[in-house]
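Inside the fold
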Amino acid sequence: MKRFEEAVAVTGIGQSAIGRRLGRSGLSLTVEAALASINDAGLAVSELDGLATFPGEAVDPGLAGCGVWELRDALDLRLRWFQGSPQTSGQLGPFIDACMAVACGLATHVLCFRTVCEASAQRSGGRGEVVGSQFAVSDWRRWLAPFGAPSAANWIALYAQRHFDDYGTTREQLGAIARNARANAMLNPAAVFREPLSIEDYLASRMISTPLCLYDCDVPIDGSTAVIVSARDRSSDRPHDPVYLEAVGCGLTGPFSWDQIDGLTGMAATAAAETMWRRTALGPGDVDVAELYDGFSVLALAWLEALGFCDFGDGGRFVEGGEAIALDGKLPLNTQGGQLSGGRLHGYGMLHEAVVQLRGHGGPRQVRQRPEVAVVSAGGGPFAGCLLLTR
Amino acid sequence: MTAIGGASERQASTHLCRAASRNPSSDDRAVIRPFPVPTDEERAFWTGGADGVLLIYRCATCGRWFHPPGPVCPACHSLEVAPRPVSGRATVWAVTVNHQQWFASLPPPYVVAIVELAEQPGLRMLTNVVGCEPEVVRSGMVVDVAFELLADDLWLPVFRPKVSRP
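First, a word on scope: everything that follows refers to the structure included in this document. Since this is a predicted model, take the numbers as computed values, not measurements. (Residues numbered from 1 in each chain as written. Chains lettered and ligands numbered in written order. Predicted model: local features only at pLDDT ≥ 70, side-chain atom pairs only at ≥ 80, totals over all residues. Heavy atoms only, no water.)

1. A few points about the pattern of salt bridges
Residues and elements named next belong to chain A. Using the following cut-off: Any Lys or Arg side-chain nitrogen located within 4 Å of an Asp or Glu carboxyl oxygen qualifies as a salt bridge. For every residue, the accessible area (1.4 Å probe, protein chains only) is compared with the maximum for its type, and the residue is labelled buried under 20%, exposed over 50%, or partly exposed between those bounds. Numbering of helices and strands runs from the N terminus; a helix is a DSSP stretch of H or I covering at least four residues, while a strand is a stretch of E covering at least two.
With the rule as written, the count across this model stands at 20 salt bridges over all chains. The partner of Asp76 in a salt bridge is Arg72, with the nearest N and O atoms 3.9 Å apart. Of the residues examined, Asp76 reaches a relative accessible area of 44% and is grouped as partly exposed. On the basis of relative accessibility, which here comes to 25%, the residue Arg72 falls in the partly exposed class. Across the salt bridge formed by Asp166 and Arg162, the nearest N and O atoms sit 3.2 Å from each other. Placement of the pair is Asp166 and Arg162 together in helix 6 (residues 152-167), with a separation of 4 residues, close to one helical turn. Asp166 sits in the partly exposed class, given a relative accessible area of 40%. Bridged by salt links that share partners, the residues Arg3, Glu5, Glu6 and Arg279 form one connected network.

2. Description of the sheet that holds strand 2 (residues 55-59) of chain B
Residue and element names in this part refer to chain B. Put simply, the rule reads: We call two strands paired when DSSP finds no fewer than two bridges between them.
Pairing within the open sheet is antiparallel, and its 3 strands lie in the order 3-2-4. Of all strands in the sheet, those bounded by a partner on one side alone are strand 3 (65-66) and strand 4 (81-85). Relative to strand 4, strand 2 runs antiparallel, the two sharing 5 bridges. When the bridges of strand 4 are listed, Ile56 appears paired with Arg84.

3. Digging into the interface of chain A and chain B
Convention followed: We call two residues contacting when some pair of their heavy atoms lies within 4.5 Å. Between N or O atoms, a polar contact is any pair within 3.5 Å; within protein, one atom must be a potential hydrogen donor and the other a potential acceptor, and residues adjacent in sequence are included only when both atoms are from side chains. Following the grouping adopted for this structure description, the nonpolar residues are Ala, Val, Leu, Ile, Met, Phe, Trp, Tyr, Cys and Pro, the charged ones are Asp, Glu, Lys and Arg, and the polar ones are all others, Gly among them.
Each side of the interface is counted separately: chain A has 35 residues, and chain B has 37 residues. Counting across the chain A and chain B interface gives 1 salt bridge. Its salt-bridge partner being Arg142(A), residue Glu42(B) comes within 2.5 Å of it at the nearest N-O pair. Connecting chain A to chain B are 15 residue pairs in polar contact (both at pLDDT 80 or more). At the level of secondary structure, the elements contributing two or more residues to the side of chain A that touches chain B comprise helix 5 (126-131), strand 5 (136-137), helix 6 and strand 6 (207-209) of chain A. It is helix 6 of chain A that contributes the most residues to the side of chain A that touches chain B, 7 residues altogether. Its residues placed into classes, the side of chain A that touches chain B shows 17 nonpolar, 11 polar and 7 charged. The pairing of strand 5 of chain A with strand 1 (residues 35-36) of chain B spans 2 bridges and is parallel.

4. Details of the side chain of Ser235(A)
Residue and element names in this part refer to chain A. Looking at where Ser235 falls in the secondary structure, it is placed in the loop between strand 8 (222-231) and strand 9 (243-251). A distance of 2.6 Å separates a polar side-chain atom of Ser235 from the backbone oxygen of Arg232. Not counting chain neighbours up to four residues away, the residues in contact with Ser235 comprise Ala9, Thr11 and Pro242.

5. Quick notes on the state of the cysteines
All names here are of chain A. Let me state the cut-off plainly: Cysteine sulfur atoms are paired as a disulfide whenever they fall within 2.5 Å.
Tallying each qualifying case throughout the model produces 0 disulfides over all chains. Take Cys310: it sits in no disulfide, and the sulfur closest to it among the cysteines is that of Cys386, at 15 Å. Using a relative accessible area of 13% as the deciding quantity, one classes Cys310 as buried. Here Cys386 stays unpaired: no disulfide links it, and the sulfur of Cys250, its closest cysteine neighbor, is 7.8 Å away. For Cys386, a relative accessible area of 0% gives the class buried.

6. So, the pairing of strand 9 of chain A
Residue and element names in this part refer to chain A. Of all 9 residues that make up strand 9, 7 are buried, and the element is covered over most of its length. As paired elements, strand 1 (residues 8-15) and strand 9 share 2 bridges and run antiparallel to each other. From the neighbouring strand, Ala9 faces strand 9, where its bridge partner is Tyr244. One ladder, built from 7 bridges, connects strand 9 with strand 12 (residues 383-390); its direction is antiparallel. Bridge pairing in strand 12 links Tyr244 to Thr390.

7. Topic: the environment of Thr270(A)
Assignment of secondary structure puts Thr270(A) in helix 9 (residues 268-278). Counting along the chain gives 188 residues from Thr270(A) to Phe82(A), while the straight-line C-alpha distance between them is 29 Å.

8. Concerning the side chain of Asn154(A)
Turning to its location among the elements, Asn154(A) is positioned in helix 6. Within the local environment of Asn154(A), its side chain forms a polar contact with the side chain of Trp102(B), the two groups lying 3.3 Å apart. In this structure, Asn154(A) is in contact with Gly148(A), Ala149(A), Ser209(A), Thr96(B), Asn98(B) and Trp102(B), ignoring residues within four places of it in sequence.

9. Structural notes on helix 10 (residues 297-306) of chain A
Residues and elements named next belong to chain A. Among the 10 residues in helix 10, 10 count as buried, and that is most of the element. Regarding helix 10, the residues found buried are Ser297, Val298, Leu299, Ala300, Leu301, Ala302, Trp303, Leu304, Glu305 and Ala306. In the segment just after helix 10, Gly308 is the residue with positive phi, at about 85°.

That is the geometry; function is a separate question.
Structure follows, in structure tokens:
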């Protein structure tokens, strides 16, 4: 059976301004990113016939910066296919769905976007405003929030502490992920945190939920990313070389509730990675650059393990010292600064950066041997998705 | 069954409730943090604390315990499921000390843990470990259930380090 991945290509990318508190609407940021990506793809706005976004409308304040309909109305698009969904294979799910829609002939050029206004949403009340604004909880968080654990920081901290206990993983090893992200962010003008970060700074930073400290957590920001996926037979006459989709991975195994994760290898990342590798002849050894979801440092570790760059439990030793994951290392990781220092673009920053690296447009942060294969992942805990991209 | 004394002892015996009483903005209501809106299936879990009992769903067909509650056994898909009392004994499976203040009425630090109930391997729930210094809680620690009044008739099942009794 022909794989749908062969029928599509990424033809355009764009990003809005990214900042801690931009004071702009989600729609304003989305329009900026969308127009940049349309221009990058050499398309007319009228040529777009699809839109896809995570998570769509009406979720936590700040996490849904713009929905499909708002952008459709703002640009007066004539759409043949659209989707906004929070229940996907990681934040990249709508992108994967868009690729399938294009492969099926439902659309030719789909603009996929992700907009966050988290920093502005927190302006008056801090984190509590976002995670605890309502006191009667009726969704899946009812098993978590009443116990004073409303945040993913708590849920992932439990996973991290198990990793420490079972495999001897250390704070210094997690610190290597944070420091690598910062070192790369210092070469990226769009990153939000660009001051040097020493291991002493890392170890001295305040605890959020043991063993995760402030620098293990990504940075809430305002910003938007847009990526255009096109039919492959319409991708060669664009301004930039197309980036091809080699394989996607989705998985949902085990209970959704974060407190029921079935051991360290049970996170959905494992199932997503297995699916992806089954759909390609390539393997972990073929990957030249990795843009892996680091909403928390330890999630990047989990993805390194799930994707087979090291054995389960060996992630700490793999990243220790930072040499292996540096720009000139054997597996350059999160070359734009990740979400830890680049800002929480919620998965789409990873996809954007993979295209930048495959095009060779990374400037000072470009991996020297221009990558041919990039892996992208998004999500943590019970939901996850990943992609393999080539040029 | 591990039941602890009267309401006053329950209230006074934990970090979390002491912390609430220190908060000048808290009123006399028992609600000091988010509370669930239970479905019919979940009501037993959230109300059993009134009788000092932790109620967990069990399948009458295959004997499997499961949590969160639901209308069907996830193992054999039998519909013969109902809440049943458990011993209240558990082992800490994963632990974190939360240092970030998420709610005005809930000052850190406090322990968030996943515990594995004694009845069945893998039967886990997220909870708090109270009644001890947060730093001493470790994976493998044996704990017993206790209850805190959450709101109206809702009780929060928390756990305390096991103490030897005569």
